[in-house]
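Listed below are the residues making up each chain.
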Amino acid sequence: MVLNLRLQLACSLVAAMALGGCASDEGGLQSQKLALIKGRGELICGVQGTLPGFSSVDSDGSYKGLDVDICRATAAAVLGDPNKVEFRDLNPSERFAALASGEVDLLSRNTTYTLSRDAAGGNGLSFAPVVFYDGQGLMVPKASGITSVKGLSGKPICVETGTTSELNLADRMRELKAPYTPLKFQTSDQTYAAYLQGRCVAVTTDRSQLAAKRTGFPNPEAHVLLPDVISKEPLAPATVNGDPLWSDAVRWTVYGLMQAEELGITQTNVDAKVAKAKANPNLADLRRFLGVEGDFGKQVGLSPDFVVRALKAVGNYGEIFERNVGSGSVLKLERGLNRSWKDGGLIYSPPFR
Amino acid sequence: MKGTPWWRNRRLLPLLIQAAVGLTILVVIAFLLGNLVRNLSAAGLLLSWRWLNLPAGFDVSETLLPFNAELPYWRALLAGLVNTLRVVVVGLVGATVLGTLVGTAAFSSNALLKRLARAYVELIRNVPLLLQLLFWYFVIFLSLPDGPAALRLPGLVLAKSGLYLGPSALVDGVWQGPARITLEFGALLTGLVIHSAAFIAEVVRGGVAAIPGGQWEAARSLGLTHRQTLARIVLPQALRVIVPGLNSQYISLAKNSSLAIACGYSDLYAVAETTLNQTGRAVEVVLILLGTYLTLDLAISALMNRLNRLVQIQER
């Protein structure tokens, strides 16, 4: 007990000294995670790894995708270099443990934002803004002639274990009073292999993922997505709950990408916008957003120009979307709900002020 | 022993050393447990078991124990355990039969049979079990044809929709029979039996080899055939050597069954993984897993030890 007290005293003394020492510099804010990442010189990002458009390895051996770009934007914001990222492929059931144990700093792995995952009494994650609004769908072979979820009654359905898809499927089939056999696999590769081999009549997960996986099938035209959307799946990056400053850094880096689209700032014109902001003291909004004035960067534990760094690395949210999953990709997904709120979508950043 | 200082006391010293070692172990365990509890409470996650009574919300396929998503987590885990027990029990029987056949084939006078048994053991022992399970499921079982093209063997139909035992018939393009085994269970069972049988075969071979050649010769001179010699003279004596070795192979099989998820079978481990993921109660779920597999293996051990006492030479 005495030893404990002494230890605590010593610790608070050291902490007080450390705080005192850097109060002028960091505003008294501390983040173990940020310090760790900066010390390591690398961000460790957990991704899916085999999902075209979101995170997959390209023919040149580098990771590409929307989830990957979120990692790169964060690495650029924290370390100034979008390439200082180490990617770890995680399957659905190991992802939360990997994040909680600190094996990865950031989970950017098409993960649905839910209460039980966010809650401190549940999985205890801290979610960044939603980067893709999705819904769960089902894919069947065209030849099966099945046109709705009801048609799947009594049939085996392939699903990845440890996902919201597994739970939503159980809920919907229960609602429909339709018996079915869930065939569960640990990785998406196994799930789709079993589906393609004809072990199950349908495979279910987020619709974007089904579309993405279908591009890799030997014969993509032979498979159709059922029109039913059986759930809402807001996909968001996540950090651990215990480090608010690190969570803020990720959150506002992502918001920065969204705000930039709203303001018309792109990867190519960001330098010109910075120059314009520097030359014109009246553009207060733009100056604060780009870190020309104010201390927003510092408030979230990053450098003043963190948004500029992220934009230079990957472009704004709209550019990331189009390049990876939209018109500039093989997936050719509509932006739909993922348009900026100004165009009738749900992508909306709180003000940078 | 009067006058001997305590540090040279041969009766006291071992006791002291044992006490010291025991104490050290207790302190280490206490430290680890204390550490766990401290860190968990710091993270607001004290051990709690109330979640076991919450509805699971996910389905488990092919349960012997009736289960649906409205039932609580503990029922899901129990359904998983029953699935595990099913594959372990059937697997133990299958692996023992196959292992004994292969092990004794090493003493056959048929050179081809002898070599085949050898090749089987070497091939199976040296390939990781996980790989073998993936092979059985994805390469062999999922490639089975369906409908009228299904493989028909006497008393067994192998189709993509399942393995049908007994007299089965095709009704409207769907196979129907008295007993259907799913491909997932089939692949897991096949993988486990074939893998464990290779090890059991070695244990059996070792046991038979330990019987002096004189026993074979004596049996032959009495006019017994090769099979009679093996069944009535050699194997009963060899059991004394075989049973302790079998024990660890049986335990291995029970533990290896936790690879079930590789071929989509919902065993205890697969259900526990989903549970862990949905509840976030990692420590509790892992403790349950540890406790269950430990109990299962200790039970197998206890049974085997009893069997071992039975086959030992009874001194009269």
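A.B. asks: So what about a nonpolar patch on the surface? Which residues, and what values?
C.D. replies: Residues and elements named next belong to chain B. The grouping of Ile17, Val21, Ile25, Ile29 and Leu33 at the surface amounts to a nonpolar patch, some 460 Å² of accessible area in total. Within the fold, isoleucine 17 resides in helix H1 (residues 12–42). A relative accessible area of 53% places isoleucine 17 in the exposed class.

A.B. asks: Describe the side chain of threonine 182 of chain B, and please don't skip the residues or the numbers.
C.D. replies: Position of threonine 182 of chain B relative to the elements: it lies in the loop between strand E6 (179–181) and helix H5 (183–209). At 3.2 Å, the side chain of threonine 182 of chain B and the backbone nitrogen of phenylalanine 185 of chain B are in polar contact.

A.B. asks: Can you explain the sheet that holds strand E3 (residues 55–57) of chain A? Please cite residues and give values.
C.D. replies: Residues and elements named next belong to chain A. The three strands lie next to each other as E2-E3-E4, forming an open sheet whose pairing is antiparallel. Each edge of the sheet is formed by a strand with only one pairing partner; in this case those strands are strand E2 (50–51) and strand E4 (63–64). Examined bridge by bridge, E3 and E4 share two bridges and lie antiparallel to one another. Counterpart to valine 57 in the pairing with E4 is tyrosine 63.

A.B. asks: An account of the interface of chain A and chain B is requested, with residue identities and associated values reported.
C.D. replies: Each partner contributes to the interface: chain A provides 30 residues, whereas chain B provides 30 residues. Summed over both sides, the interface of chain A with chain B buries roughly 2300 Å², with 46% coming from carbon and sulfur. Where chain A packs against chain B, one counts two salt bridges. Notably, a salt bridge pairs glutamate 184 of chain B with arginine 199 of chain A, separated by 2.7 Å at the nearest N-O pair. Inspection of the chain A/chain B interface yields 12 residue pairs in polar contact (both at pLDDT 80 or more). Taken together, the elements giving at least two residues each to the side of chain A that touches chain B come down to helix H5 (115–118), helix H6 (164–175), strand E10 (181–185) and helix H7 (188–196) of chain A. In the side of chain A that touches chain B, the residues fall into 11 nonpolar, 13 polar and six charged.

Reading guide: rules and limits
Residues numbered from 1 in each chain as written. Chains lettered and ligands numbered in written order. Predicted model: local features only at pLDDT ≥ 70, side-chain atom pairs only at ≥ 80, totals over all residues. Heavy atoms only, no water. Patch = residues over 30% accessible without salt bridge, like charges linked within 9 Å, V, L, I, M, F, W, Y side chains within 5 Å. Areas by Shrake-Rupley, 256 points an atom, 1.4 Å probe, with all protein chains shown as cover. Salt bridge = Lys/Arg side-chain N within 4 Å of Asp/Glu carboxyl O. Helix = DSSP H or I, 4+ residues; strand = E, 2+ residues; numbered from the N terminus. Buried < 20%, exposed > 50% of the residue type's maximum accessible area, 1.4 Å probe, protein only. Polar contact = N/O pair within 3.5 Å; in protein donor to acceptor, adjacent residues only side chain to side chain. Pairing = 2+ DSSP bridges. Contact = heavy atoms within 4.5 Å. Buried area = accessible area lost by both parts, 1.4 Å probe. Nonpolar A, V, L, I, M, F, W, Y, C, P; charged D, E, K, R; others polar.

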